[in-house]
Amino acid sequence: MRASLTLETEIGPLTVTEADGAIAALDWGARAARPQPTPLLQEAARQLKAYLAGRLTAFDLPLAQAGSPFQRRVFAAMRAIPYGAVMSYGDLARTVDSAPRAIGGACGANPLPILVPCHRVVASGKRLGGYGGHGGLATKRYLLALEGALMGLR
């Protein structure tokens, strides 16, 4: 069963999708055609709102991450980056024995932005790098500022 719920946030509408008892997608700007507020989607909305209000530093939701085995390794490594911290594409590449460019591709394919914090991955030299979420780098800056991790980045 797939169900979706859209919530209005400071960074625009976010649509959370549940499939088979786990959160399977978080989409920027999209809206659920027929909102279905299941208990899991209501909990995901509560946690996302608490995170965006600065009251939650870690999500506790079942996640169903689609992706290749390599992408899933990268997603797991991103989930290990603590709230308020950043890691470079190169450093993350070393943790999964890969190349920085491949890490960038996996970040761009992340079906669960925010929940799997690809915004915490930055370019070398403390540069922000890219961001595929709605609003691009402005949204990445917002999320990093919310976590207190923007200091020293350019």
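Up top you'll find the structure we're talking about.
This one's a predicted model, so the numbers in the text were calculated from it and none came from an experiment. (Residues numbered from 1 in each chain as written. Predicted model: local features only at pLDDT ≥ 70, side-chain atom pairs only at ≥ 80, totals over all residues. Heavy atoms only, no water.)

**Student:** Explain the pairing of strand β2 (residues 14-19) residue by residue, including any values.
**Tutor:** Counting buried positions along β2 yields six of six residues, so the element is predominantly enclosed. Of the two faces of β2, the one holding L14, V16 and E18 and the one holding T15, T17 and A19 are both buried throughout. Pairing analysis gives six bridges linking strand β1 (residues 2-7) to β2, with the strands arranged antiparallel. Of the residues in β2, the one forming a bridge with S4 is T17. A loop of six residues connects β1 with β2, the two strands running antiparallel in sequence, and G12 in this loop sits at a positive phi of about 100 degrees. The turn linking β2 back onto strand β3 (residues 22-28) is made up of two residues, and D20 within it adopts a positive phi angle of 50 degrees. (Buried < 20%, exposed > 50% of the residue type's maximum accessible area, 1.4 Å probe, protein only. Helix = DSSP H or I, 4+ residues; strand = E, 2+ residues; numbered from the N terminus. Pairing = 2+ DSSP bridges.)

**Student:** How would you sum up the side chain of H119? Please name residues and give values.
**Tutor:** Within the secondary structure, H119 is located in the loop between α4 (100-108) and β5 (121-122). Using a relative accessible area of 0% as the deciding quantity, one classes H119 as buried. Polar contacts involving the side chain of H119 include one to the side chain of Y51, which spans 3.4 Å. Not counting residues within four places of it along the chain, the set of residues in contact with H119 comprises Y51, I114, Y131, K140, L143, L144 and E147. (Polar contact = N/O pair within 3.5 Å; in protein donor to acceptor, adjacent residues only side chain to side chain. Contact = heavy atoms within 4.5 Å.)

**Student:** How would you explain the sheet that holds β3 if you had to name every residue and give the values?
**Tutor:** A sheet is described by the order of its strands in space; here three strands give the open sequence β1-β2-β3, paired in antiparallel fashion. Both outer strands of the open sheet, β1 and β3, are each paired with one neighbouring strand and no more. Between one strand axis and the next, the sheet turns by 20 degrees as a mean value, whatever way the strands run. (Axes fitted to C-alpha atoms, helices over the stretch in contact; angles between N-to-C directions.)

**Student:** So, the environment of M87: which residues are in play, and what are the values?
**Tutor:** Among the structural elements, M87 can be located in strand β4 (residues 87-88). The exposure class assigned to M87 is partly exposed, which follows from its relative accessible area of 23%. In sequence terms M87 and A50 are 37 residues apart; their C-alpha atoms lie 24 Å from each other. Setting aside anything within four residues of it in sequence, one finds M87 in contact with I81, L92, T95, R120, V121 and V122.

**Student:** Help me get a handle on the nonpolar core, residues and values and all.
**Tutor:** A general trend in soluble globular proteins is that nonpolar side chains are found buried together. Within the largest apolar cluster, 40 residues are counted, with the highest numbers of intra-cluster contacts made by V16, I23, M78, I103, I114, V121 and L143. For this core, the secondary structure elements donating two or more residues are β1, β2, β3, α1 (39-52), α2 (69-79), α3 (89-95) and α4. Among the elements that make up this core, the one with the highest residue count is α1 (eight residues). When sequence neighbours within four positions are dropped, the list of residues in contact with I23 reads V16, T17, E18, L40, L41, A44, L61, P62, L63, A64, L112 and L115. Of all hydrophobic cores here, the second largest spans five residues; its members include V122, L128, L144 and L153. (Core = buried A, V, L, I, M, F, W, Y, C linked by side-chain atoms within 4.5 Å.)

**Student:** Help me get a handle on helix α5 (residues 137-146), residues and values and all.
**Tutor:** Those residues of α5 not exposed but buried are T139, K140, L143 and L144. The buried residues of α5 occupy an angular sector of 130 degrees when projected down its axis, which confines them to one face. Those residues of α5 hidden inside the fold are in contact with β3, α1, α3 and β5. Just beyond α5, the residue with positive phi is G148, at close to 75 degrees. (Arc of directions from axis to C-beta.)

Honestly, that's just the spatial picture; any functional story needs more than this.
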